[in-house]
Amino acid sequence: MTRVLLLGGTGDALRIARQLGREHVYSLAGLGKVPDDLACTVRVGGFGGSEGMARYIEAQRIALVIDATHPYAAQISANAVTASRAARVPCWALRREGWQPQAGDDWRRVGDWAELTAALAAFERPLFTLGREPLAHLDDIPAHQFWTVRCLDPHEGNARVRILATRGPFTLEGERALFAAQAFDVVVSKNSGGSATEAKLEAARERGVPVVMLRRPPLPAVDREFERVADLLEALRIAV
C-alpha cells in the first residue's frame, strides 16, 4: 500500500483529498477553514522545515508526497522536494497553468513588493487579491490611496483600507457589482490560474481597469508534474 502525504490548502488539493482513504494524510498550514468531512487524516500545522518534513515522512511510512499547494507557496514546494529526496520517496506536484492576458487586458507584471508599490503609484483605489501580504503594509498606504484588501482572514484594518474577509469561487456577476460599487482603478493579483478567482480579470477587462500581476516564483523540479487534477488522480489510482 502506497501511503500518500498530500500538501494542500487549495481548492484543487481538496478535490484530491476527497478521493483519499483513511490511510492517507492531507496536510494544511492552518490558514482558512479546515475541512471536517474527509475520510483521510487531516494534519494542521508546519513540519519544521524540510528536515522536519523528512522525519515525518519516515516516521509515518509515507511512500509518496504530492505537492498541491498554491503556485506561490514556493518555500513549501522547495521543502517538499528536499524532504522527499532525503526520505527517498517520490514527489509529485499539481502545477496548474497560469492565466494568459487576452485582448483588452492591460497587465503590468512585477516581481516583488517594491516593484508592485512603484507600479501602483499613479492609482488611487486598488483592489488587492494577494491574500495576507498587504496586511503587513497597512501603515504605509500612500495618502492619495484607499485600499481594498480581499483575503481569507478578518482584520481590523484602518481608516485607509477596507478588508473583505471572504473566499472564492467568485462569480462574474459578483465581481461586476463589487467593481461598480467601489470604483477600483487597478487590480493587484497573483497569477494563480484556475477558475475560482478568474472572474476579477474579466471584470477588470470589461471596465478597462489595469492589472498589476505578481510573477510566479520559480519552483523546483519534481518526479511527476500534472496540470489537471483529473490526470493526477488517474496516476494516483494506478500508483496506490
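Coordinates for the structure precede this section.
Residues numbered from 1 in each chain as written. Predicted model: local features only at pLDDT ≥ 70, side-chain atom pairs only at ≥ 80, totals over all residues. Heavy atoms only, no water.

K.L.:
Whenever I open this one, the pairing of strand β4 (residues 64-67) confuses me. Can you help?
P.N.:
Walk down a regular strand and you will see the side chains alternate between the two sheet faces. Burial along β4 is two-sided: the residues L64 and I66 and V65 and D67 are all buried. In this sheet, β4 lies alongside strand β1 (residues 4-7) in parallel orientation, the contact comprising 4 bridges. Opposite L5, over in β4, you have V65 as the bridge partner. Where β4 and strand β5 (residues 91-94) come together, 3 bridges link them in parallel fashion. Across the sheet, the residue bridging to I66 is W92, located in β5. Once you follow β4 into helix α3 (residues 74-87) and on to β5, the crossover reads as right-handed. (Buried < 20%, exposed > 50% of the residue type's maximum accessible area, 1.4 Å probe, protein only. Helix = DSSP H or I, 4+ residues; strand = E, 2+ residues; numbered from the N terminus. Pairing = 2+ DSSP bridges. Right-handed = clockwise from strand over helix to strand, strands pointing away.)

K.L.:
Could you clarify how one ought to interpret helix α6 (residues 199-207) in this entry?
P.N.:
Each α-helix turn comprises 3.6 residues. Residues three or four places apart therefore point the same way. Here α6 has its buried residues at A199, K200, L201, A203 and A204. Where α6 is buried, its residues meet β6 (107-110), β7 (126-129), β8 (147-151), α5 (172-182), β10 (186-190) and β11 (211-214). Looking one or two places after α6, you find G208, whose phi comes out positive at around 70°. (Contact = heavy atoms within 4.5 Å.)

K.L.:
I would appreciate a short explanation of the sheet that holds strand β12 (residues 224-226) in the present structure.
P.N.:
Note: strands within a sheet are paired through backbone hydrogen bonds, in either parallel or antiparallel orientation. Read from one edge of the open sheet, 6 strands run β3-β2-β1-β4-β5-β12, paired in parallel fashion. Looking along the sheet, the strands with just one partner apiece sit at the ends: β3 (41-44) and β12. Going across the sheet, the axis of each strand differs from the next one's by a mean of 20°, ignoring polarity. Docked against the sheet, helix α2 (residues 49-59) engages β1, β2 (25-28), β3 and β4, running at close to 150° with respect to β1. (Axes fitted to C-alpha atoms, helices over the stretch in contact; angles between N-to-C directions.)

K.L.:
How should unusual backbone geometry be read in this particular structure?
P.N.:
Look at the link from G168 to P169: it is a cis peptide, with omega at 5°. Turning to its location among the elements, P169 is positioned in the loop between β9 (161-165) and α5. For R61, which is not glycine, the phi dihedral falls at a positive 55°. Topologically, R61 is positioned in the loop between α2 and β4. The phi torsion at R88 lies on the positive side, around 60°, for a residue other than glycine. Relative to the elements of secondary structure, R88 occurs in the loop between α3 and β5. On the basis of relative accessible area, R88 is assigned to the exposed category, the value being 77%.

K.L.:
What am I meant to see in the packing of aromatic side chains here?
P.N.:
Inspection of the entire model under this criterion finds 6 aromatic pairs. Pairing F128 with W147 gives two aromatic rings, centres 4.4 Å apart and planes at 45°, and the pair type is tilted. Separated by 19 residues along the polypeptide, F128 in strand β7 and W147 in strand β8 bring together distant segments of the chain. Here the two residues F128 and W147 agree in accessibility, since each one is buried. For the ring pair F179 and F184, a centre distance of 5.4 Å and an interplane angle of 90° mean the geometry is edge-to-face. Here the two residues F179 and F184 agree in accessibility, since each one is buried. One aromatic cluster in this structure is built from W113, F128 and W147. It is R43 that lies over the ring of F47; its NZ or CZ is 3.8 Å from the centre. Lying across the ring of F170, R150 places its NZ or CZ 3.8 Å from the centre. (Phe/Tyr/Trp six-rings, centres within 6.5 Å; stacked < 30°, edge-to-face > 60°. Lys NZ or Arg CZ within 6 Å of the ring centre and 35° of its normal.)

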